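Remarks on the overall topology
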Amino acid sequence: MSESKVHFFSSEPLVALLGNPNCGKTALFNLLTGSRQKVANYSGVTVERKEGRLTLESGKNIRILDLPGAYSLYPRSLDEKVTCNVLLGRAEGEKRPDLVICVLSAMNLRRNLRLVLAAKRLGLPCIVVLNMLDIAKRQGLQIDTAALSGELGLPVLTSIGIQSDGADEIKQFLANLDWRNLDGLRTGTSDATLENVASHIAHTETDNIQVQRILQNLKLDQIIPDQLSDRLDAVLLHPVLGPIILVALLFCIFQAVFSWATVPMDLIKSSVEYLGMHIGALLPDTWLRSLLINGILAGLGGVVIFLPQILILFFFILLLEESGYLPRAAYLLDRVMGSVGLSGRSFIPLLSSFACAIPGIMATRSISNARDRMVTILIAPMMTCSARLPVYALLISAFIPEQKLWAGIDLQGLVLFLLYLAGILGAMVVAWILKRFTSAQFKMNALMMELPSYHLPRLGNLAISLWQRAEIFLRRVGGIILLMTIGLWVLSSFPFPPEGATGSPIQYSFAGMIGQALTHVFSPIGFNWQISIALVPGMAAREVVVSSLATVYALSSSSIDASEALIPLISSGWSLATALSLLAWFVFAPQCLSTIAAVKRETGGWKIPVIMLSYLFGLAYLASFITYRLAIFLGLG
Amino acid sequence: MHLDQVDVNAAYRVCAIDAPKGAPQIKGQLEDIGFLPGEQVTVLRKGLLGKGPYMVRVGASTFALRKSEARMIAVESASHV
């Protein structure tokens, strides 16, 4: 039985922006709607949906939808499929647009015009906007908009996406439009259908001929190369210099992520503690106080603390993306990634995962090949995220002696570097194995990635995108992560310890019982019961393990310097083999439920998260087992 | 002649796309991004030791292609036309 849904749409007209990737469509969208944007997903698919609101001079409000970029209206990727479905009025929960604005890059008319011809066949009212006119003029390109309008049979407006008044002509046109009767802008029949293979092939040929004719009539069939981009590429894509510049750039970004973030992170940490102290003083010592402070506040604080790092990393990624360098970084890395069966496109999500796997997994949306996307999601948690750092820092300072090796290299620093390297190598091996086991039809993975001209990034666009990233992250923290934090608090707090109990309360809780049971599983890899218990609440976020260990060892959990108080305890209580085994565990273990939740959301099912959970657990266990046994064999037990 | 055999920085024209039997959809994909008969095409770089990825200018846009993708694009020297 099928259920029919009735959707109610607001009466405001819906205008869709359609264009090729890299035609400056999003900059134009930002100009039209400013900060009045809503970012969500299209119903049922993980394609980002951006809608904004524009108030016209007449006071009328219109909704503007920034459709995913498309090269043609014959869908080949998830993004293009959404674009086609929306335009045909077939997307679930979406109203068919009242007007389509075709955004063209004046720099690339031949490819962009083919999309206009396809859009005309949809039978929707349609206008054309010639964007990036400033760059075209600077390069000596004269475009006769009146003649172009005559050729296409549609109004042609102009815009400059990077100038604050660059969209005024469009606003003026929309204000003067009679929204009740747009038939004058309609060119085809309104009962258009999706192109099938045969009609698409036929259209490709005729459209190409028509575009050639239009360009000839307008005397625009000369190709003017972008000399500035070519000169920059001579250095940035140089076979030797290019990779060196890329590595230097990444090094600087990492330095910035970790050094600039310390101040805001300390600030968040101390405000969470301050808040906890004050709420604690107000409430009686009951389970409610414990839930608020030890559960919700500590748990959410532990995740929000990574916001500064995530924002700084995203600032740089967006900066590189806006400037046009990011696809070139992917170009430079394509051979390395190709050797393990991935493409250069996987580079950006994996880079983000060094701050936190959640934004990294969200960034895999830009990978069009479904298999590549799955593999990238599966290996993303192996990139050393910053939540592992407090655990690494605790174990390294407790067990690795502070000594200088040759050439002034610090032993502790070297161990930290090796832990990062172990994660990267593990990820490459897993990707390589997955490449061998996925079916042959997927082996042909395409690159076909556009390298757009370089642009100076605009701060306004950066700020809007950065704000949207932060909003998505915080919304997730407030939703699923909040629920899990409360769940883990319940596990660690109930049941209460019996009268006259001597150990720490967590020992008698559900988490304690699970931990005791886990000791049987973990003793072959050298974990004692204290570690096993601490791993349970540590599922909320890896760094929570440090404070949980403090709790298990009956230190005051509100102690600010839990790790400093822990160092002498564990360095005398644990063997070096146990410590090394725990380090190996944290390189691979799926020790973060938030990541699993993000994977479930992005892949739309439980299959991939379950595969991820089990293979990472197996890998971590194996790595710890080998490390522990080897260390004992070497006499470090 | 195919795009993996051409000289760097010389102008050619696209003749046809010879997609492999196992992946006919690649033809349409290449056409959509601009590899259409008659279009001007230049290989700007061939990557380290010529192994790719290739940086190819087609029409007014620039794309990164793998060597296996470049091999599917049949071209002729632009001076023939």
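Topic: the overall build of chain A
Scanning chain A from terminus to terminus reveals 26 helices and eight strands. What you see for chain A is a C-alpha radius of gyration of 28 Å, in line with the 26 Å of a compact globule of 637 residues. Each of the three principal axes of chain A carries a C-alpha extent, and together these read 90 × 55 × 50 Å. Each of the 637 residues in chain A was classed as buried or not, and the buried ones make up 43%.

So, the overall build of chain B
From N to C terminus, chain B includes two helices and five strands. Reading the secondary structure of chain B in the N-to-C direction produces β-α-β-β-β-α-β. Compactness check: chain B gives a C-alpha radius of gyration of 11 Å against a globular reference of 12 Å for 81 residues, within 12% of the reference. Taken along the three principal axes of its C-alpha coordinates, chain B extends 30 × 30 × 20 Å. Classification of the 81 residues of chain B by burial places 47% in the buried group. Of all intrachain contacts in chain B linking residues separated by at least 6 positions in sequence, the fraction that spans at least 24 positions is 60%.

Focus on the pairing of strand β4 (residues 61-65) of chain B
The element β4 of chain B is largely enclosed, with a buried count of five among its five residues. By the alternation rule, side chains of β4 of chain B split into Ser61, Phe63 and Leu65 of chain B and Thr62 and Ala64 of chain B, which are all buried. Across two bridges, strand β8 (residues 449-450) of chain A lies against β4 of chain B in antiparallel orientation. The residue of β4 of chain B that forms the bridge with glutamate 450 of chain A is phenylalanine 63 of chain B. In this structure, strand β3 (residues 54-58) of chain B lies alongside β4 of chain B, joined through five bridges in antiparallel fashion.

Quick notes on the sheet that holds strand β1 (residues 11-17) of chain B
On the basis of which strands lie adjacent, the open sheet formed by six strands has the order β8(A)-β4(B)-β3(B)-β2(B)-β1(B)-β5(B) and antiparallel pairing. Of all the strands in the sheet, just β8 of chain A together with β5 (73-77) of chain B have a single pairing partner and so form its edges.

Some words on unusual backbone geometry
Residue and element names in this part refer to chain A. Backbone geometry at asparagine 22 places phi at a positive 65°, although glycine is not the residue there. The topology assignment puts asparagine 22 in the loop between β1 (14-19) and α1 (25-33). The exposure class of asparagine 22 is buried, given the 20 C-beta atoms found within 10 Å. Here the phi dihedral of methionine 132 falls at roughly 60°; this positive angle occurs in a residue that is not glycine.

Some words on the nonpolar core
Residue and element names in this part refer to chain A. In terms of nonpolar packing, the biggest core is built from 185 residues, with Cys102 and Leu104 touching the most fellow members. The element best represented in this core is helix α24 (residues 576-588), accounting for ten residues. Not counting residues up to four positions away in its chain, the partners in contact with leucine 104 are Gly19, Cys23, Leu109, Asn112, Leu113, Val116, Val128, Val129, Leu130 and Asn131.

Looking at the interface of chain A and chain B
Counting from both sides, the interface comprises 24 residues of chain A and, opposite them, 26 residues of chain B. Those elements that place two or more of their residues in the side of chain A that touches chain B are α3 (109-120), α7 (197-217), α13 (326-338) and β8 of chain A. For the side of chain A that touches chain B, the residue count by class is 13 nonpolar, five polar and six charged.

So, the packing of helix α17 (residues 388-399) of chain A against α24 of chain A
Residues and elements named next belong to chain A. Here α17 crosses α24 at 160°, and the two axes come no closer than 10 Å. The orientation of α17 with respect to α24, classified from their angle, is roughly antiparallel. Here the hand of the crossing between α17 and α24 comes out left-handed. Residue-level inspection shows Arg388, Val391, Tyr392, Leu395, Ala398 and Phe399 of α17 in contact with α24, the latter providing Leu576, Ala579, Leu582, Leu583 and Phe586. Residue classes in the contact of α17 with α24 are distributed as ten nonpolar, no polar and one charged.

Side note on the confidence of the model for chain A
Residues and elements named next belong to chain A. Put simply, chain A has an average pLDDT of 83, and 92% of its residues get 70 or more. Here helix α22 (residues 544-552) stands out as the element of chain A with the lowest mean pLDDT, 76, in contrast to β1, whose mean of 94 is the highest. Below pLDDT 50 for its whole length, residues 556-560 participates in seven contacts with residues either more than four positions away or in separate chains.

As for the pairing of strand β3 (residues 48-55) of chain A
Residue and element names in this part refer to chain A. Here five bridges tie strand β2 (residues 37-41) to β3, and the two strands are oriented antiparallel to one another. Opposite lysine 38, over in β3, you have glutamate 51 as the bridge partner. Looking at chain direction, β3 and strand β4 (residues 61-66) are connected through six bridges and run antiparallel. Looking across to β4, one finds that leucine 54 is bridged to isoleucine 62. Once β3 ends, the chain turns through five residues before running back antiparallel as β4, passing glycine 59 with a positive phi of about 90°.

Rules used throughout
Residues numbered from 1 in each chain as written. Chains lettered and ligands numbered in written order. Predicted model: local features only at pLDDT ≥ 70, side-chain atom pairs only at ≥ 80, totals over all residues. Helix = DSSP H or I, 4+ residues; strand = E, 2+ residues; numbered from the N terminus. Rg over C-alpha atoms; globule rule 2.2 N^0.38 Å. Buried ≥ 20, exposed ≤ 12 C-beta atoms within 10 Å, placed from the backbone. Contact = placed C-beta atoms within 7 Å. Pairing = 2+ DSSP bridges. Core = buried A, V, L, I, M, F, W, Y, C linked by C-beta atoms within 7 Å. Nonpolar A, V, L, I, M, F, W, Y, C, P; charged D, E, K, R; others polar. Axes fitted to C-alpha atoms, helices over the stretch in contact; angles between N-to-C directions. Parallel < 35°, antiparallel > 145°, perpendicular 65-115°, else oblique. Left-handed = near helix turned anticlockwise from the far one by under 90°. pLDDT = per-residue confidence, 0-100.

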